[in-house]
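So the chains spell out like this:
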Amino acid sequence: MLACCDLGLQKNGTRRGPKAIAEYFKAYQSRTLQQNDIRKSLAKDDKRKNLKELVSYSHELYDLFNQEYEKGNEPFLIGGDHSLAIPSILSSSNYHDDLGLIWIDAHTDYHTLATTITGNLHGCPCACVDGYCNEELRSYHKGKTIDPKKTVIFGARSIDMPEYANIKEAGVKVITSEDIFNKGIDCCFKEALAVLGPKFHVSFDLDFLDPECAPGVSVPECHGPKDKELESLLKLLKENRESISSLDLVEYNPDLDIDNRTLAIAIRILEDLL
């Protein structure tokens, strides 16, 4: 599923990422949902930027995912910004029991509409799908949410202070980039598997990687994993492919890429995990 939308953040460009990636996967049939041509809110004091428009778009995307599952297909998401993981994950939870979630990201994305500092809603989706506040962002979903105690945020290195309290209260396990460097990715992934359970959703934000190797993202964070760690992580995910119920790959911004380096990584991730 190509979700060509960047309503969850102020920067433009991420909406063009899915089609750039999909050019290399023409063998796969993909449904595309375009973002309406609206003027995005840029006001610093707007803590609910584009909320109405994003929820409307997400509702439509959620219905498309449900339709694919009903047909017996296994849809996956190419975004777009990370807020689009909300309909993807919630739809998957309708069709997979007791689902775990590994959120591979430089950010924890565990803000609520009350704690967000910027009002960019791509900072709220992990909390939303865990059922931790943010009911407005999932108003179209009447089913179960992900158990926070079966959620692992993997690779975080930028966590706003209000998110610490949310994460602690919810009971989410966070494995930081520093943990990965200190303990090794194999050890960290083993810790993650112990939390996730037999079936889990993979939500992969390309800003998990250091911008030196993946510059084409809207919110880069330095001191992140690089090619060596990515190779190890993909190997571990492939070894556990039978446990992966569903997949997101998000936040590729072609406007910010350099020599298609991030595009090449996105393609490699999908080639390995599909």
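Before reading on, note that the structure itself is shown above.
These lines cover the structure that appears in this document, whether it is placed above or below. As the structure is a computational prediction, the values presented were derived from the model and not from experiment. (Residues numbered from 1 in each chain as written. Predicted model: local features only at pLDDT ≥ 70, side-chain atom pairs only at ≥ 80, totals over all residues. Heavy atoms only, no water.)

### Points about the pairing of strand β4 (residues 100–104)
Phase 1 of the analysis: Counting buried positions over the 5 residues of β4 gives 5, a clear majority of the element.
Phase 2 of the analysis: Summarising the sheet, β4 and strand β5 (residues 151–156) pair through 4 bridges and their orientation is parallel. Note on β5: the bridge partner recorded for Trp103 is Ile153. (Buried < 20%, exposed > 50% of the residue type's maximum accessible area, 1.4 Å probe, protein only. Helix = DSSP H or I, 4+ residues; strand = E, 2+ residues; numbered from the N terminus. Pairing = 2+ DSSP bridges.)

### Quick notes on the side chain of Glu251
Phase 1 of the analysis: Structurally, the position occupied by Glu251 is in the loop between β8 (244–250) and α9 (261–273).
Phase 2 of the analysis: An unpaired buried charge is present at Glu251: no salt bridge exists, and Lys11, the closest side chain of opposite charge, is 9.2 Å distant.
Phase 3 of the analysis: Side-chain polar atoms of Glu251 contact the backbone nitrogen of His82, separated by 2.8 Å.
Phase 4 of the analysis: In this structure Glu251 touches Thr14, Gly79, Gly80, Asp81, His82, His122, Asp205, Gly216, Val217 and Ser218, once residues within four positions along its chain are discounted. (Lys, Arg positive; Asp, Glu negative; His and termini not counted. Salt bridge = Lys/Arg side-chain N within 4 Å of Asp/Glu carboxyl O. Polar contact = N/O pair within 3.5 Å; in protein donor to acceptor, adjacent residues only side chain to side chain. Contact = heavy atoms within 4.5 Å.)

### Some details on the packing of helix α2 (residues 51–70) against helix α3 (residues 85–95)
Phase 1 of the analysis: Where α2 contacts α3, the two axes come as close as 9 Å, and the packing angle between them is 35°. Considering only the axes of α2 and α3, their crossing is right-handed. When α2 is examined against α3, the residues Ser58, Leu61, Tyr62, Phe65, Asn66, Tyr69 and Glu70 are found in contact with a partner set consisting of Pro87, Ser88, Leu90, Ser91, Ser92, Asn94 and Tyr95. (Axes fitted to C-alpha atoms, helices over the stretch in contact; angles between N-to-C directions. Left-handed = near helix turned anticlockwise from the far one by under 90°.)

### Details of the pairing of β5
Phase 1 of the analysis: Across the 6 residues that make up β5, a large majority, 6, are buried.
Phase 2 of the analysis: Two elements, β5 and strand β6 (residues 173–176), share 4 bridges in a ladder whose sense is parallel. Across the sheet, residue Ala156 finds its bridge partner in β6, namely Thr176.
Phase 3 of the analysis: Considered for its hand, the β-α-β crossover made up of β5, helix α5 (residues 161–170) and β6 is right-handed. (Right-handed = clockwise from strand over helix to strand, strands pointing away.)

### Some words on the sheet that holds strand β3 (residues 77–79)
Phase 1 of the analysis: One open sheet accounts for 8 strands, arranged β2-β1-β3-β8-β7-β4-β5-β6; its pairing is parallel. Of all strands in the sheet, those bounded by a partner on one side alone are β2 (32–34) and β6. Direction aside, the axes of adjacent strands within the sheet are offset by 15° on average.
Phase 2 of the analysis: Bridge analysis of strand β7 (residues 200–205) against β8 gives 6 bridges, and the strand direction is parallel. Across the sheet, Ser203 pairs through a bridge with Asp248, a residue of β8.
Phase 3 of the analysis: Most of the contacts of α2 go to β2, to which it runs at about 170°, and overall it touches β1 (2–4), β2, β3 and β8.
Phase 4 of the analysis: Helix-sheet contacts for α9 involve β3, β7 and β8, and the interaxial angle to β8 is about 170°.

Bear in mind that shape data such as this cannot, by itself, settle questions of function.
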